[in-house]
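Spelled out from the first residue to the last, the chains are:
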Amino acid sequence: QVCSEEGWPLPPFARSKNTMVCINKALPSFLFLVAGAARITGTHALNAFAGPAAGIGKATGAEVRRVDAGPIEISEMGFGTWAWGNKLLWDYDPSQDEEIYQSYKCLRDRGVSLFDSADSYGTLQLNGRAEILLGSFERRYQSHLSQPGVGAEDGGLLGGLFSSKSYIPPAQQVATKFAPYPWRISRKSMVKAARESLERLEQEKLTIAQLHWSTANYQPFQERALWEGIADVYDEGLCEAVGVSNYGPKQLSKIAAYLKERNVPLATAQVQYSLMTYKDSLEVKDACDEVGCRLISYSPLCLGLLTGKYTLDTLPRPGNPRRQLFRELLPGAQPLLKTLEAVAADAGKTQSQVAINWAMCKGGVPIPGVRTVAMAEENLGAVGWRLSNGAVDELDAAALKVKPMIQNVFATK
């Protein structure tokens with residue numbers, strides 16, 4: 001049996017349970033609005049589309065902006081690498097690496113800097129594969145940028161047309177997670193895990209070192225060592241800040257207080273946050289605001305269910321754990337999916353773009369997965385604009401009525 005979110009084997013105790021190129025930075029904003037309005041269909045289309053996202057972040061010279069995450073800045077949207085090496089849920093094969101790199105290059109060219117990973121990503125003999133690819137892709141990308149004549153036309157938004165200078169993308173920011181394996185019971189084990197991740201990345205420092213989940217539910221004695229260890233990772237200069245994943249509001253408040261005592265900056269708290277989990281995520285967003293960290297929205301498309309690509313007749317392949325999950329969720333999700341479809345049509349966007357933009361409107365930094373250039377381009381279409389307040393409210397109301405997606409078995413209160 002497999003955890004629906006992470007692809008982890010469930011412990012015994014748990015087994016019962018359209019890309020649109022946004023040119024508002026390069027041309028007068030009225031042209032952008034004309035272009036956006038020209039694509040909108042429906043009788044109340046303008047109610048869904050609030051126009052360019054001016055003023056909601058710090059411009060980078062590219063389409064993707066910067067936002068605060070505790071004491072650091074990150075891109076307003078990041079991308080997850082869970083699928084890189086995962087055969088079970090995402091049918092990964094090493095032959096896909098070139099396409100994955102091209103998607104990575106597309107993201108970097110557009111200003112995406114944040115990439116989430118984990119030392120556990122990659123099934124069986126491919127364990128750690130995501131970090132290995134993430135490091136090698138960035139080295140290849142930097143080599144590409146150093147070539148003569150490479151720059152503006154490949155990078156910043158219309159930079160080649162409006163500037164004589166080459167666009168320089170923001171530095172890559174790796175936020176990787178360390179799994180609290182049962183044998184990681186000392187603070188030194190976290191430092192060792194961080195050094196091993198850096199070896200796979202072939203880098204000297206992480207942007208964010210994260211605890212993958214809390215052990216409070218099943219092995220509480222281990223929790224203190226994990227906290228001490230992640231703080232030690234920062235003290236040893238192996239990361240710029242720390243973060244947590246799958247921590248509920250109570251546990252988040254506790255570790256935030258501990259880190260404050262240690263003078264260790266808490267940048268992010270990563271939770272399963274999407275329209276399909278909104279009802280269960282309200283308190284953790286408030287907790288993030290209280291402790292001053294940024295909410296990272298993992299699985300913002302609910303494993304693909306919110307893309308609009310799946311029905312009971314078009315489920316994932318047999319043998320994929322998502323097949324049965326979607327079969328159970330799709331009937332009850334229909335009102336939400338119809339609302340999402342209507343808002344997307346009004347805004348002239350895809351359902352994926354609206355679902356991701358909704359998470360951003362909520363103050364989160366979504367980290368959808370990416371494996372192909374087409375996926376990268378579609379997901380990038382979620383930035384550079386924002387949903388109207390009315391559209392967000394409409395989606396909120398529909399999300400609160402749906403039976404939520406099952407929570408990660410490792411999530412705490």
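Residues numbered from 1 in each chain as written. Predicted model: local features only at pLDDT ≥ 70, side-chain atom pairs only at ≥ 80, totals over all residues. Heavy atoms only, no water.

Enquirer: Could you give an account of helix H8 (residues 249-261), with specific residues and numbers?
Expert: Compared with the 18 Å implied by 1.5 Å per residue over 13 residues, the 19 Å span of H8 between its first and last C-alpha is a close match. Within the span of H8, buried status applies to Gln 251, Leu 252, Ile 255, Ala 256, Tyr 258 and Leu 259. Looking straight down H8, one finds its buried side chains confined to an arc of 165 degrees; they lie on one side. Of the exposed residues in H8, those oriented more than 90 degrees away from the buried face are Lys 250, Lys 260 and Glu 261. (Helix = DSSP H or I, 4+ residues; strand = E, 2+ residues; numbered from the N terminus. Expected span 1.5 Å × (residues − 1). Buried < 20%, exposed > 50% of the residue type's maximum accessible area, 1.4 Å probe, protein only. Arc of directions from axis to C-beta.)

Enquirer: Hey, could you go over the packing of helix H4 (residues 129-145) against helix H6 (residues 187-201) for me, with residue numbers and the actual values?
Expert: Contact pair H4 / H6: the axes reach a minimum separation of 7 Å and the direction vectors enclose 45 degrees. Judged by the angle between their axes, H4 and H6 are oblique. Here Glu 131, Ile 132, Leu 134, Gly 135 and Arg 139 of H4 lie close against H6, whose contacting residues are Ser 197, Arg 200 and Leu 201. Its residues assigned to classes, the contact of H4 with H6 shows three nonpolar, two polar and three charged. (Axes fitted to C-alpha atoms, helices over the stretch in contact; angles between N-to-C directions. Parallel < 35°, antiparallel > 145°, perpendicular 65-115°, else oblique. Contact = heavy atoms within 4.5 Å. Nonpolar A, V, L, I, M, F, W, Y, C, P; charged D, E, K, R; others polar.)

Enquirer: Can you break down the sheet that holds strand S9 (residues 266-272) residue by residue, with the values?
Expert: Spatially, eight strands are ordered S4-S5-S6-S7-S8-S9-S10-S11 in an open sheet, and the strand pairing comes out parallel. The strands lining the two open edges of the sheet, one partner per strand, are strand S4 (79-80) and strand S11 (365-367). For S9 and strand S10 (residues 294-298), the ladder comprises five bridges, and the chain directions are parallel. By the bridge assignment for S10, Gln 270 is matched with Ile 296. (Pairing = 2+ DSSP bridges.)

Enquirer: Hey, could you go over the packing of aromatic side chains for me, with residue numbers and the actual values?
Expert: All told, the structure shown has ten aromatic pairs when counted by the stated rule. Taking 4.8 Å as the distance between ring centres and 40 degrees as the angle between the ring planes, the aromatic pair formed by Tyr 104 and Phe 115 counts as tilted. Here Tyr 104 is found in helix H3 (residues 97-109), whereas its partner Phe 115 is found in strand S5 (residues 114-118), with eleven residues between them in sequence. You can call Tyr 104 buried: its relative accessible area is 0%. Overall, Phe 115 belongs to the buried group, its relative accessible area being 0%. (Phe/Tyr/Trp six-rings, centres within 6.5 Å; stacked < 30°, edge-to-face > 60°.)

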